[in-house]
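# Coordinate analysis (summary)
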Amino acid sequence: MRRLMAGLCAATLILAGCSANANEDAGTEKETLRVGMECNYAPFNWTDAEANETNVPLSSGGYCDGYDVAIAKRIADSLGMDLEIVKMEWDSLTTSINSGIIDLIIAGMTDTPERRESIDFTDPYYESDMTIIVRSDSPYANATSLEDFSGATIAGQMGTLYDTVIDQIPNV
């Protein structure tokens, strides 16, 4: 795990260009690492109303917690920086890193050729497969192929890879 974190930290510095903002008195205060995430994708990141021992204050109020927050804490700590989680809409993440609003993105973002045209990726710390979830009493409960979902109503978050995959299912 330490090796993975060290590699992730090094890759983050090299690929994301870590342009952390110095506080007014850089001689005595730490620089701040601003990490963008949606804070609405449990168990990776979510919003809390109250502070606890694992969450981090959000720049917009409230707190954020989850696996992505734990990774962000480890990166900031290894760099000797303060951590600021910036909650933003999914579609704003790429634009925000390219415009310097945030220093890096830690989110369930799939590395695609299209995304690589505008941002760099580190090695993944988590990989998952796409899944369609149905109720056990659904007419689609025994589906074994995408064609079996013909005529179904399927939802996927706009701007994500799931949104583009829905178009591959006939008559959805």
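Residues numbered from 1 in each chain as written. Predicted model: local features only at pLDDT ≥ 70, side-chain atom pairs only at ≥ 80, totals over all residues. Heavy atoms only, no water.

## Considerations on the sheet that holds strand β2 (residues 46-48)
As a general point, the strands of a sheet are linked pairwise by backbone hydrogen bonds and lie either parallel or antiparallel. Reading across from one edge, β2-β4-β3 is the order of the three strands in this open sheet, with antiparallel pairing throughout. Edge positions in the sheet fall to β2 and β3 (56-57), since each of these pairs with one other strand and no more. Where β3 and strand β4 (residues 63-65) come together, two bridges link them in antiparallel fashion. Directly across from V56, in β4, lies its bridge partner C64. (Pairing = 2+ DSSP bridges. Helix = DSSP H or I, 4+ residues; strand = E, 2+ residues; numbered from the N terminus.)

## Section: helix α2 (residues 67-79)
Count 3.6 residues to each turn of an α-helix, and residues three or four apart come out pointing the same way. For α2, built from 13 residues, the straight-helix expectation of 18 Å at 1.5 Å per residue is met to within 8% by its first-to-last C-alpha distance of 19 Å. Those residues of α2 lying buried are D68, V69, I71, A72, I75 and A76. End-on, the buried residues of α2 take up no more than an arc of 160 degrees, which puts them together on one face. Facing away from the buried side of α2, by more than 90 degrees, are the exposed residues Y67 and D77. Positive phi appears at G80, one or two residues downstream of α2, with a value of about 70 degrees. (Expected span 1.5 Å × (residues − 1). Buried < 20%, exposed > 50% of the residue type's maximum accessible area, 1.4 Å probe, protein only. Arc of directions from axis to C-beta.)

## Side note on the pattern of salt bridges
Between side chains of opposite charge, pairing is possible as soon as their charged atoms come close. Across all of its chains, the model carries three salt bridges by this definition. Its salt-bridge partner being D111, residue R116 comes within 2.6 Å of it at the nearest N-O pair. The exposure class assigned to R116 is partly exposed, which follows from its relative accessible area of 45%. On the accessibility criterion, D111 (35% relative accessible area) is partly exposed. (Salt bridge = Lys/Arg side-chain N within 4 Å of Asp/Glu carboxyl O.)

## Describing the packing of aromatic side chains
Within the structure shown, the criterion is met by four aromatic pairs. Centroid distance F44 to Y67: 5.8 Å. Interplanar angle 65 degrees. Geometry classified as edge-to-face. Of this pair, F44 sits in the loop between β1 (32-37) and β2 while Y67 sits in helix α2, and the two are 23 residues apart along the sequence. Put simply, the rings of Y41, F44, Y67 and Y126 touch in pairs and so form one group of aromatic residues. (Phe/Tyr/Trp six-rings, centres within 6.5 Å; stacked < 30°, edge-to-face > 60°.)

## Focus: the sheet that holds strand β5 (residues 82-87)
The sheet built from three strands is open, its strands ordered β5-β1-β6 with parallel pairing. Strands with a single pairing partner mark the edges of an open sheet, and in this sheet they are β5 and β6 (104-105). The sheet contact formed by β1 and β5 spans six bridges and is parallel. Considered in β5, the bridge of V35 is made with I85. Sheet contacts for α2: β1 and β5; angle to β1, the most-contacted strand, approximately 160 degrees. (Contact = heavy atoms within 4.5 Å. Axes fitted to C-alpha atoms, helices over the stretch in contact; angles between N-to-C directions.)

## Some thoughts on the nonpolar core
Core analysis: the biggest nonpolar cluster contains 27 residues, and V35, M37, I85, L93 and I106 have the highest contact counts within it. When contributions to this core are tallied by element, the ones reaching two or more residues are β1, α2, β5, α3 (93-98) and β6. Broken down by element, this core gets its largest block of residues, five residues, from α2. Those residues within four positions of L93 in sequence are excluded, and the remaining contacts are G36, M37, M88, I102, I105, A107 and M109. (Core = buried A, V, L, I, M, F, W, Y, C linked by side-chain atoms within 4.5 Å.)

## Some points on unusual backbone geometry
Residue A42 is joined to P43 through a cis peptide bond whose omega torsion reads 5 degrees. In this fold, P43 is placed in the loop between β1 and β2. A positive phi angle, close to 60 degrees, is found at N171, a residue other than glycine. Secondary-structure assignment places N171 in the segment after α5 (161-166).

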